[in-house]
Amino acid sequence: MIRRVLALGAFVFVTSCGGSGDGPAPASLTVFAAASLQPAFEKIGKDLQSKDSLHVTYNYAGTQTLTSQLTQGAQGDVFASADTAHMTTVVEAGLIEGTPKVFAHNRLEIAVAKGNPKGIHSLADLARSGLVVVLADPSVPAGKYAQQALAKAGVSVRPASLELQVTAVLTKVSLGEADAGIVYVSDVRTSGKVDGVAIPDPYNVVADYPIAILKHAQDSNAAFAFEALVLSPTGQSILVAEGFEGA
Amino acid sequence: MSLHAVIEVERGGFSLDIDLTVEAGETVAVLGPNGAGKTTLLRALAGLVPIAGRVELDGDVLDDSAVGRHVPTEERRVGIVFQDHVLFPHMTVLENVAFGLKRDRSRVARGWLDRSGLGDKAGVMPGELSGGQAQRVALLRTLVTEPRLLLLDEPLAALDVSVRAEVRRELSRQLAGFTGIRILVTHDPLEAIALADRLVVLEQGKVVQTGLPSEVTARPRSRFVADLAGVNLLRGTGKDDHIELDGGEVLAAPESGEGDVFAVIHPRAVALYLARPEGTPRNVWRARAEDLDLRGERVRVRLSGPVPLVAEVTPSAVRDLRLDAGAEVWVAVKATEISVYPA
Amino acid sequence: MALAAAGLLLFLLPLAGLIARAPWNQVGTELVATETATALGLSLFCSLTATAVALVLGIPLALVLSRTTGTLRGVLRALTTLPMVLPPVVGGVALLLAFGRSGLIGSPLHQLFGLQIPFTTTAAVIAETFVAMPFLVIAVEGGLRSLDSRYEESARALGANSWKVFARVTLPLLRPAIFSGAVLCWARALGEFGATITFAGNLPGRTQTIPLAVYVALETRPDGAIVLSLILLAVSLAILIGLRDRWLGAP
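Residues numbered from 1 in each chain as written. Chains lettered and ligands numbered in written order. Predicted model: local features only at pLDDT ≥ 70, side-chain atom pairs only at ≥ 80, totals over all residues. Heavy atoms only, no water.

Student: So what's going on with the interface of chain A and chain C? Residues and values would help.
Tutor: Between chain A and chain C, the contact holds 22 residues from the first and 24 residues from the second. Across the interface of chain A and chain C, roughly 2,000 Å² is buried in total on both sides, 60% from carbon and sulfur atoms. Per-residue buried area on chain A facing chain C is highest for L164, L175 and E177 of chain A; these three make up 29% of the total on that side. At the boundary of chain A with chain C, the tally comes to 1 salt bridge. Residues D179 of chain A and R101 of chain C are paired through a salt bridge, measuring 2.5 Å at the closest nitrogen-oxygen approach. Our count for the chain A to chain C interface comes out at 10 residue pairs in polar contact (both at pLDDT 80 or more). Among the elements of the structure, α1 (2-18), α3 (63-71) and β6 (161-163) of chain A are those that each provide at least two residues to the side of chain A that touches chain C. Along the lines of polarity and charge, the residues of the side of chain A that touches chain C split into 11 nonpolar, 6 polar and 5 charged. (Contact = heavy atoms within 4.5 Å. Buried area = accessible area lost by both parts, 1.4 Å probe. Salt bridge = Lys/Arg side-chain N within 4 Å of Asp/Glu carboxyl O. Polar contact = N/O pair within 3.5 Å; in protein donor to acceptor, adjacent residues only side chain to side chain. Helix = DSSP H or I, 4+ residues; strand = E, 2+ residues; numbered from the N terminus. Nonpolar A, V, L, I, M, F, W, Y, C, P; charged D, E, K, R; others polar.)

Laid out in C-alpha cells, this is it:
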C-alpha cells in the first residue's frame, strides 16, 4: 500500500513534468493499470525496457479510481482495466483510440491465512459466524464479482469491511486481520503470503481484462508497442505465470 | 513567632547567601538594586525555589537541606503578593478573595471586602479593576488565609505614581492589623521607610547592611544606600583627625578614628564659591560642575574634581554662581559636617 | 497583500469549484438518503469521540511535555508530532501492526479476551485520535509555555494542592489554547481518511465516515460525492461557529 502511494506520487510528478521536454528524450510511457495487474505488468515493463529501451511508468489503483482519474482529465497512454464496464465508461467518455482488446482473464479465489487454520473450503463457509471476512467494495470490479459469486452460491456474508482496492483485501488477510477475503487467483499466486481456496466454476466469475490506447497518448507508437507486447506470446506467458488466464 | 532563615541559592552564575532573622510582628523591607536577589529570597522563603540551608518559621522547620526536609508552598502558610497583583483573571473579585479559604468562603471573603471598602467590587472581574484596586484585592486574597509570613514583592511598583500614595496608606493600614511577620521587597526607599521597621540591604546576593531605616540612611554602607539616602559616601583610612581617601586625597575630619572608615557628607554641607573661600574650612579644592538637576526647591550639582561629590544649592545660588554644566567652582566642606564611622 | 490574496484564493477556488459544480437539485435527495445520514452521524460520533479522547490524554501529555527540558523534551516532542508528518496510510499500517489481531498489543488482546479492534468503530476512533491528537497537544503545550507561572505559584501560596491548582487555575487559564487545539483536532479527525481506511476498513454504519463515503461515491456517482462534501462542509462550519459563540463569548 505504501508503494502504491509512492507510485501515485511518482505518477503525478512524471505527468506534470512530461510536457516540458521537446528533445529526443528516451521514450516514456504512462500506463494506468488495475491494481491486480501490478506483478505481471512490472515484468512486462522490464521486458520492454530491456528490448526497446522504453521506460514505463505505472499508475496502479482500483479500476474505478483509474476511471474517475481519466474522466477527470488525467494524462496517460494506455489503460488496462479489470472489467469491461469501467472500460466502457472510458470509451463512452471519448477517451479511447480504436477499440479495447481483452488481454487476460482472471478468476476469483478465497484468500485465507497460510495453512488455512480456520478450515475454509467453500463460499458457504464464509457465512460462518465469528469469521472475519473482508471483501472489495461493490464499486471495485473484484467487489462486484465477489457479490455475483456469493449470489450464485446463495451465500449471504456479513463483511467486516468493503475495501477500496482488491489488494487491500489481500493485505488484510496476509496481516492476519481478516480470516478470509475474496480476491483474484492472480493475487493469491503473486502474494505468497496467503493460501487460495478455489471457487467452483458454477459459482465463479470470470473477469475480462481489456486494454486500450488512450486518445491523447503522448507517444502512440510506444503505446502500441506496449499493447502489442501484452498481447504477444511473451506477454501472455508472463500473465499466465502470474496467475491470469490468457486471452 | 519568628523567622530564622539561612538560605543559599546557586543558579546560573548567580548566588544568594543570606542569614536573616525577623522577629514577630516586625516588617522588614528588603532593599537592593535590580538583580541583587530580592525576589529570589522571597521565592525561597515561599518554598518556590529549592535551597541549601534552613528556614524555620514559628518553630516549624520549613526547609532543612541537611536532613532533606522541604515543606511544599501550599503547606507553609506563607502568603506572597506579587508586583502586578496576579489575580486569577477568570474569577470574580469575590472568588479570588475566597480562593484560599476553607469554609464559609463566600461570607468570610465578602466580610473582608466590605471592611476594605471594596464590597461593591465583589462581582467584578479583575480586568475591570484599576491597578490600585487590583493590588488591594491581591493583598486581601492573601491576608484572608491568615499567613504566618507575608511576602510582598514590590507591591506598589506597577502602580501609577498618582495612586501609589493611596495604596501605600491602605497597605500600611492593612499591615498594621496583621500579626504575622512581613517581608517587603522594594527598590523605593520611601516605600521602605514608610512601611518597614527595619531595612535589609541586599547587594549581589549578600546582605550589606541592616538596621532601622534612620540608622541605615544615616550611615550608608554601600553606594546603593547612599544614593537612596541622597548623600555622598566616601571610603578611606581614618588617621585620627583626617581621612586618607581611597583616591589618595586627604579630607580633614575630627574624630576619624583609625582604620577602614566610611565618610558621609550631606550634599547641603557642600558649599560652592566663585573664588577661593577665606577662613576656617580646611577642605577646599577646585572642581567642575558636570550637570545640574532641579529637585523641588533645591538644585543638585554633580561635581568632578579631586573628590567627586554632589552638592545641593538653592536656585538663587545657581544664578549668583553663574553655575552651568562645565563651570569651574571652588568647593568647601566643613570638617565638622563630615560624619565618619568604621567600615 | 498580493501574496495574502493568492493564499486566500488557493482556499477559495476549490470551494468555489465544489459549489459551482454542485447539483443543487440533488441536495434534497442526498440529505434524506439514509446512507448520508448514517455516514454523517458516524463521522460526527467518531470525530467528537476522538476529540474527547484527545482531550483526556492530550492535556496531561502537554503538561508533561511543557515540564520536561533538554534531550528528553526533544524526543517526546518528536514522538507526539510524528503522526503529523507520517502519511496517514502509513499511520494506519502502524496501527494495524500495534492493535491488529496479530499486532503487538492486539494479539494478546485477541487471545485473552477475543477482542478484535480493526474493522470496528473503535478502530475508526483510534485512527482519528492518532492522527488528530498532536494538533491538540501542540496547541495546549504552547498555551502552557506562555502561561505566567506566578498564577500557579500564587494559588499554591494560597494553600491549593496540585490538583486544585490544575483544576481551578491552570485549566481555566488554558481554556483558549485548549479550545483552539480541540477545534483543530476535531477538524483533522473529521477529515481523516488514510489511517481510517487502512486500520478500520470501510463498512457503512460502522467505519465508513463521510470522507470514505465521499471517496466511494466519487467513483460511482460524482454528483453525490460533491453533495456529501458540501454537507460535511456546512455541518463543520455550523459547529465551528456555534462552538465559538458558546466557548469564547463574543470573539
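Next, the rest of the story.
Student: Which residues make up the environment of G115 of chain A, and what values go with them?
Tutor: Mapping G115 of chain A onto the fold places it in the loop between β4 (96-113) and β5 (133-136). Judged by relative accessible area, G115 of chain A falls into the exposed class, the value being 61%. (Buried < 20%, exposed > 50% of the residue type's maximum accessible area, 1.4 Å probe, protein only.)

Student: Give me the lowdown on the pairing of strand β2 (residues 14-22) of chain B, citing residues and values where you can.
Tutor: Residue and element names in this part refer to chain B. In the sheet, strand β1 (residues 3-11) pairs with β2 via 9 bridges, with the strands oriented antiparallel. The partner of H4 across the bridge, within β2, is T21. Taking the residues that link successive antiparallel strands as the turn, the β1-β2 hairpin has 2 residues, and the phi of G12 there is positive, at about 45°. (Pairing = 2+ DSSP bridges.)

Student: Could you give an account of the interface of chain B and chain C, naming the residues involved and the relevant values?
Tutor: Taken together, the 22 residues of chain B in the interface contact 17 residues of chain C. For the pair chain B and chain C, the two sides together bury roughly 1,900 Å², of which 59% comes from carbon and sulfur. Taken as a group, E74, H90 and F99 of chain B account for 32% of the area that chain B buries against chain C, more than any other trio of residues on that side. At the surface where chain B touches chain C, the tally comes to 3 salt bridges. Close ionic contact of R156 of chain C with E74 of chain B constitutes a salt bridge, the shortest N to O distance being 3.1 Å. At the junction of chain B and chain C, the tally comes to 6 residue pairs in polar contact (both at pLDDT 80 or more). Among the secondary structure elements, those contributing two or more residues to the side of chain B that touches chain C are β7 (78-81) and α4 (131-143) of chain B. Of the residues belonging to the side of chain B that touches chain C, the class tally is 11 nonpolar, 5 polar and 6 charged.

Student: Which residues make up the nonpolar core, and what values go with them?
Tutor: Formed by 70 residues in total, the largest nonpolar core has its most connected members in L37, F41, F103, L126 and F226 of chain A. The residue makeup of this core includes at least three contributed by each of domain 1 (2-105 + 208-246) and domain 2 (107-206) of chain A. Setting aside residues no more than four positions away along its own chain, F103 of chain A makes contact with L37, F41, A80, Y209, P210, I211, V230, L231, Q236, L239, G246 and A247 of chain A. If you look at the next biggest cluster of nonpolar residues, it comprises 46 residues, including L62, F88 and V200 of chain B together with L158 of chain C. (Core = buried A, V, L, I, M, F, W, Y, C linked by side-chain atoms within 4.5 Å. Domains from an automatic or database assignment.)

Student: Before we move on, could you go through the confidence of the model for chain C and cite the residues and values that matter?
Tutor: Per-residue pLDDT for chain C averages 88, and the proportion of residues at 70 or more is 97%. With a pTM of 0.76, the predicted complex shows an ipTM of 0.80. (pLDDT = per-residue confidence, 0-100.)

Student: Can you tell me about a negative patch on the surface, naming the residues and giving the values?
Tutor: A surface patch of negative charge is lined by E8, E10, D17 and D19 of chain B. Listing elements by their share of the negative patch, those giving two or more residues are β1 and β2 of chain B. (Patch = residues over 30% accessible without salt bridge, like charges linked within 9 Å, V, L, I, M, F, W, Y side chains within 5 Å. Areas by Shrake-Rupley, 256 points an atom, 1.4 Å probe, with all protein chains shown as cover. Lys, Arg positive; Asp, Glu negative; His and termini not counted. Charge placed at Lys NZ, Arg CZ, Asp CG, Glu CD.)

Student: Mind laying out the pattern of salt bridges, listing which residues take part and the relevant values?
Tutor: Residues and elements named next belong to chain B. Evaluation of the coordinates by the stated rule reveals 37 salt bridges over all chains. Measuring nitrogen to oxygen at the nearest pair gives 3.8 Å for the salt bridge that ties R136 to E166. Taken as a pair, R136 in helix α4 and E166 in helix α5 (residues 161-176) lie far apart in primary sequence, 30 residues in all. You can call R136 buried: its relative accessible area is 15%. For E166, a relative accessible area of 41% corresponds to the partly exposed category. A salt bridge links D293 to R295; its shortest N-O distance comes to 3.4 Å. With relative accessibility at 33%, the residue D293 sits in the partly exposed group. By relative accessible area, which is 48% here, R295 ends up partly exposed.

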